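So you can see what is in the structure, the chains are spelled out below.
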Amino acid sequence: MTEDRGEALRVRLSALKVVPVIRTPTADLAIRACEWLLDAGMQALELTFTTPDAHRVIETFTRTAPDALIGAGTVRTATQAKAAADAGAAFLVSPGAAAGVAEAAKAAGLPYLPGAATPSEVEARWAEGAAVVKIFPARECGGPGFLKAVKSVYPEIPLMPTGGVSPETAKSYLDAGALCLGMGGELVPIDALKANDPAPLRDAVARAFAAVAS
């Protein structure tokens, strides 16, 4: 069943192209970010567990936005994985290979997207059953050039670069072979959230949509 859900997730991520990564100092700011992103047309959200009460935010939006794809990010323990699954998360993402998380994801029947920063790690994560391999931190790993090189030798492995990916670099990553893109601070500016000013986020979302459409 997990394999079927993994394929379904890959199809949807390939269509959506952009996954906003929400990392905020408070749950209230995370909720604000989610509301603004959904209003701006985003259909996927990744709530990171560095955000306080992330599982409660996930639960809120799986209930109020049932058609959106809501996942949990920065999942580093089996306990966090279970909390995300119980909250209704559709997928789990880790910055690396987190001990116990792959097993917890499998037990919950959820697709797992672990992180990798080298070709050997990419190959290992895929062999371990990853639905998608997250390239992190993508910009520091070498950007689109690194991704293109990895895809040249692992064409069958779906990759999601995250970390420093912006609307301005989005097309380059997709052209290099990315399945989809994780966008954090470049799409969800913390200062704008704190100022309760949605304009910068809406502008970034519009630029991201324009980039992936091209």
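Quick caveat, the model's predicted, so the values are computed rather than measured. (Residues numbered from 1 in each chain as written. Predicted model: local features only at pLDDT ≥ 70, side-chain atom pairs only at ≥ 80, totals over all residues. Heavy atoms only, no water.)

**Student:** Would you mind showing me how to read the overall build of the chain here?
**Tutor:** What the chain contains, in helices and strands, is eleven helices and nine strands. Taken against the 2.2 N^0.38 rule, which gives 17 Å for 214 residues, the C-alpha radius of gyration of the chain at 16 Å falls within 12% of a compact globule. Here the C-alpha coordinates of the chain stretch approximately 45 × 35 × 25 Å along the principal axes. For the chain, long-range pairs separated by at least 24 residues make up 59% of all intrachain contacts whose partners lie at least 6 apart in sequence. If you sum the accessible surface of the chain, you get close to 9,200 Å²; carbon and sulfur atoms cover 53% of it. Charge-centre separation for the chain: the mean point of 20 positive side chains lies 0 Å from the mean point of 23 negative side chains. (Helix = DSSP H or I, 4+ residues; strand = E, 2+ residues; numbered from the N terminus. Rg over C-alpha atoms; globule rule 2.2 N^0.38 Å. Contact = heavy atoms within 4.5 Å. Areas by Shrake-Rupley, 256 points an atom, 1.4 Å probe, with all protein chains shown as cover. Lys, Arg positive; Asp, Glu negative; His and termini not counted. Charge placed at Lys NZ, Arg CZ, Asp CG, Glu CD.)

**Student:** Would you mind showing me how to read the side chain of lysine 134 here?
**Tutor:** Relative to the helices and strands, lysine 134 resides in strand β7 (residues 133-135). We note that lysine 134 is buried and unpaired, the nearest opposite charge coming from glutamate 46 at a distance of 4.6 Å. (Buried < 20%, exposed > 50% of the residue type's maximum accessible area, 1.4 Å probe, protein only. Salt bridge = Lys/Arg side-chain N within 4 Å of Asp/Glu carboxyl O.)

**Student:** Help me understand the nonpolar core, please; the structure alone is not making it clear to me.
**Tutor:** Soluble, globular proteins show a tendency: their nonpolar side chains are buried together. Judged by nonpolar contacts, the single largest core of 63 residues is most densely connected at Leu37, Leu47, Leu92, Val122, Leu181 and Leu187. In terms of residue count, helix α2 (residues 27-39) provides more of this core than any other element does, seven residues in total. In this view, leucine 47 contacts Ile22, Ala30, Cys34, Val57, Ile58, Ile70, Gly71, Ala72 and Gly73; residues no more than four positions away in its chain are not counted. Membership of the second largest hydrophobic core comes to 13 residues, among which are Leu9, Val93, Val132 and Cys180. (Core = buried A, V, L, I, M, F, W, Y, C linked by side-chain atoms within 4.5 Å.)

**Student:** Explanation requested: the state of the cysteines in the structure shown.
**Tutor:** Here is the idea: a disulfide is a covalent bond, and it sits between the sulfur atoms of two cysteines. Throughout the structure, instances matching the rule amount to zero disulfides. Distance from the sulfur of cysteine 141, which forms no disulfide, to the nearest cysteine sulfur (cysteine 180) is 16 Å. (Disulfide = S-S within 2.5 Å.)

**Student:** Where do I start with the sheet that holds β7 in this structure?
**Tutor:** Sheets are built from strands paired through backbone hydrogen bonds, the pairs being either parallel or antiparallel. With respect to topology, three strands assemble into an open sheet ordered β6-β7-β8, the strand pairing being parallel. Lying at the two open borders of the sheet, with one neighbouring strand each, are β6 (115-116) and β8 (159-161). (Pairing = 2+ DSSP bridges.)

**Student:** Would you mind showing me how to read the pairing of strand β3 (residues 69-73) here?
**Tutor:** In regular strands, side chains alternate between the two faces of the sheet. Burial within β3 is extensive, with five of its five residues counted as buried. Neither face of β3 is open: one carries Leu69, Gly71 and Gly73, the other Ile70 and Ala72, and all of them are buried. Bridge count between strand β2 (residues 44-48) and β3: five bridges; the pairing is parallel. The residue bridging alanine 44 from the neighbouring strand is leucine 69, located in β3. The parallel pair β2 and β3, bridged by helix α3 (residues 54-64), forms a crossover whose chirality is right-handed. (Right-handed = clockwise from strand over helix to strand, strands pointing away.)

**Student:** I tried to follow α3 on my own but got confused; where do I start?
**Tutor:** In an α-helix there are 3.6 residues to a turn, and that puts residues three or four apart on one side. Turning to α3, its buried residues are Ala54, Val57, Ile58 and Phe61. Buried residues of α3, seen end-on, are gathered within an arc of 100° and therefore sit on one face of the element. Those residues of α3 that are exposed and angled more than 90 degrees off the buried face are Arg63 and Thr64. Buried residues in α3 make contact with α2, β2, β3 and α4 (78-87). (Arc of directions from axis to C-beta.)

**Student:** Quick question: what am I supposed to make of the environment of aspartate 28 here?
**Tutor:** In this structure, aspartate 28 sits in helix α2. Aspartate 28 gets classed as exposed once you look at its relative accessible area, which sits at 61%. Along the primary structure aspartate 28 and leucine 193 are separated by 165 residues, whereas in three dimensions their C-alpha atoms are 9.8 Å apart.

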